[in-house]
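Next come the chains, spelled out residue by residue.
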Amino acid sequence: MFGNYLIGLREGLEASLIVCILVAYLVKTGRRDALRPVWLGIGAAIALALSFGAALEFGSQELTFEAQEALGGSLSIIAVGLVTWMVFWMRRTARHLKRELHGRLDAALAMGTGALVATAFLAVGREGLETALFIWAAVRVGNDGSADPLIGAALGLLTAVVLGWLFYRGALRINLAKFFTWTGGMLVVVAAGVLAYGFHDLQEANWLPGLHSQAFDISSTIAPDTWYGTLLKGVFNFQPDPTWLQVTVWLLYLVPTLTFFFAPGRVAPSNAAPKEPQPHDTQVTPPAVRPSDRSGGTGAGHDADGVHDGARRAGEHTVRGQG
């Protein structure tokens, strides 16, 4: 359950931060009239992710056992590939995410309502599809007939929504650079278990050999139905009787991926930030750029501070204008 909670939290928080950046920028620049199409695009992206997850769950039930295992194994491998790319991408470019989204919004504001809907849909939709696929694969791995894996993922997403709202309101400040680094590392460990199980599915589908060639069997020592067996299964997708192929794939993925992920210098150096985009047809003056912003900041934590600080300043301007 913890592993699925981590997936929901880590994946959901990225989408929540994107929503915060989009909404706060429009509020800061006095373009509240553009909030409706942005929320429309966000809602469409969420609906697409939910529909995709439902199609995976219910569509696979109509297949034969071999076809289910082949589909599940293939999608698990794809999900691990997407998530691995995502954690490396977020660690490398998190500090530039706000500026990139601001540029997209400026271009969309100039093009009209349809462009705003598309910008919000694409920004959130990619995260939503990746989240739906990886959660489906992880829940399938840890599904023992109970609803715990799905509950864990749902609680993680709910926590991410609450954290996103607190960031926007300025009630919470954490170092997002460190948060995404350490949760990204833990997510790589979870992904290794999903990948190994995906290859086991392909073995059960007779796509790969070695189904009955077990590396070891410690079921008598760590029984799957014990509390510690359940804990290991939920956190690390541990299997007490893996095949040699599963163990090989797990090691070949986990060791080099964690080594590269935590290697020094994996975060791209930040160049001098360009001037903050000018608002379109607005009475609100954007706040001055702080020296830390001009030098690239210290990471994603400063971007999050800018989100809720900008939103708060926009609210202050609005109140003074009404007075």
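Predicted model, so just to flag it, every value in this text is computed and none were measured.

(A) Just the environment of Trp244, in detail. Mapped onto the elements of the fold, Trp244 is located in helix α9 (residues 244-261). For the pair formed by Trp244 and His200, sequence separation is 44 residues and the distance between their alpha carbons is 10.0 Å. Those residues in contact with Trp244 that lie beyond four places of it in its chain are Ser213, Gln214 and Ala215.

(B) Examining the nonpolar core more closely. Ranked by size, the top nonpolar core spans 36 residues in total, and within it Leu13 and Val38 carry the most contacts. Breaking this core down by element, the ones donating at least two residues are α1 (2-28), α2 (35-60), α3 (65-93), α4 (97-111), α5 (113-142), α6 (148-169) and α7 (176-204). With 13 residues, the single largest contributor to this core is α1. If near-sequence neighbours (up to four positions away) are discounted, Leu13 is found in contact with Gly8, Ala160, Leu163, Gly164, Phe167, Phe179 and Phe180. Counting residues in each nonpolar core, the second largest holds 32 residues, with Val139, Ala153, Val190 and Tyr197 among its members.

(C) Region of interest: the packing of α3 against α9. Where α3 meets α9, the closest approach of the two axes is 11 Å, and the angle between their N-to-C directions is 15°. On the basis of their axis angle, the class for α3 and α9 is roughly parallel. For the element pair α3 and α9, the recorded crossing hand is right-handed. Packed against α3, whose contacting residues are Val80, Thr84, Val87, Phe88 and Arg91, the element α9 presents Tyr253, Thr257, Phe260 and Phe261 at the interface. Residue classes in the contact of α3 with α9 are distributed as six nonpolar, two polar and one charged.

(D) Molecular detail of the packing of aromatic side chains. Taken as a whole, this structure holds four aromatic pairs when the rule is applied. Plain terms: the ring middles of Phe88 and Phe261 are 5.4 Å apart, the flat faces sit at 90° to each other, and that makes the pair edge-to-face. Remark: Phe261 occurs in helix α9 and Phe88 occurs in helix α3; sequence separation between them is 173 residues. Between Trp182 and Phe262, the aromatic rings sit 5.3 Å apart at their centres with planes inclined by 40°, giving tilted as the arrangement. Here Phe262 lies in the loop between α9 and α10 (291-294) and Trp182 lies in helix α7, a separation of 80 residues in the sequence. Assessed through its relative accessible area of 57%, Trp182 is described here as exposed. The partly exposed category is assigned to Phe262, whose relative accessible area is 33%. Put simply, the rings of Phe88, Trp182, Phe261 and Phe262 pair up and form one aromatic cluster.

(E) Quick look at the pattern of salt bridges. Scanning the entire structure with this criterion turns up four salt bridges. Here Arg10 ties to Glu14 by a salt bridge, and the two come within 2.2 Å at their closest N and O atoms. Taken together, the residues Arg10 and Glu14, both in helix α1 and four residues apart, mark about one turn of the helix. A salt bridge links Arg31 to Asp33, with the shortest nitrogen-to-oxygen separation between them at 3.2 Å. A cluster of three or more residues bridged by salt bridges with shared partners is formed by Arg126, Glu127 and Glu130.

Criteria and thresholds
Residues numbered from 1 in each chain as written. Predicted model: local features only at pLDDT ≥ 70, side-chain atom pairs only at ≥ 80, totals over all residues. Heavy atoms only, no water. Helix = DSSP H or I, 4+ residues; strand = E, 2+ residues; numbered from the N terminus. Contact = heavy atoms within 4.5 Å. Core = buried A, V, L, I, M, F, W, Y, C linked by side-chain atoms within 4.5 Å. Buried < 20%, exposed > 50% of the residue type's maximum accessible area, 1.4 Å probe, protein only. Axes fitted to C-alpha atoms, helices over the stretch in contact; angles between N-to-C directions. Parallel < 35°, antiparallel > 145°, perpendicular 65-115°, else oblique. Left-handed = near helix turned anticlockwise from the far one by under 90°. Nonpolar A, V, L, I, M, F, W, Y, C, P; charged D, E, K, R; others polar. Phe/Tyr/Trp six-rings, centres within 6.5 Å; stacked < 30°, edge-to-face > 60°. Salt bridge = Lys/Arg side-chain N within 4 Å of Asp/Glu carboxyl O.

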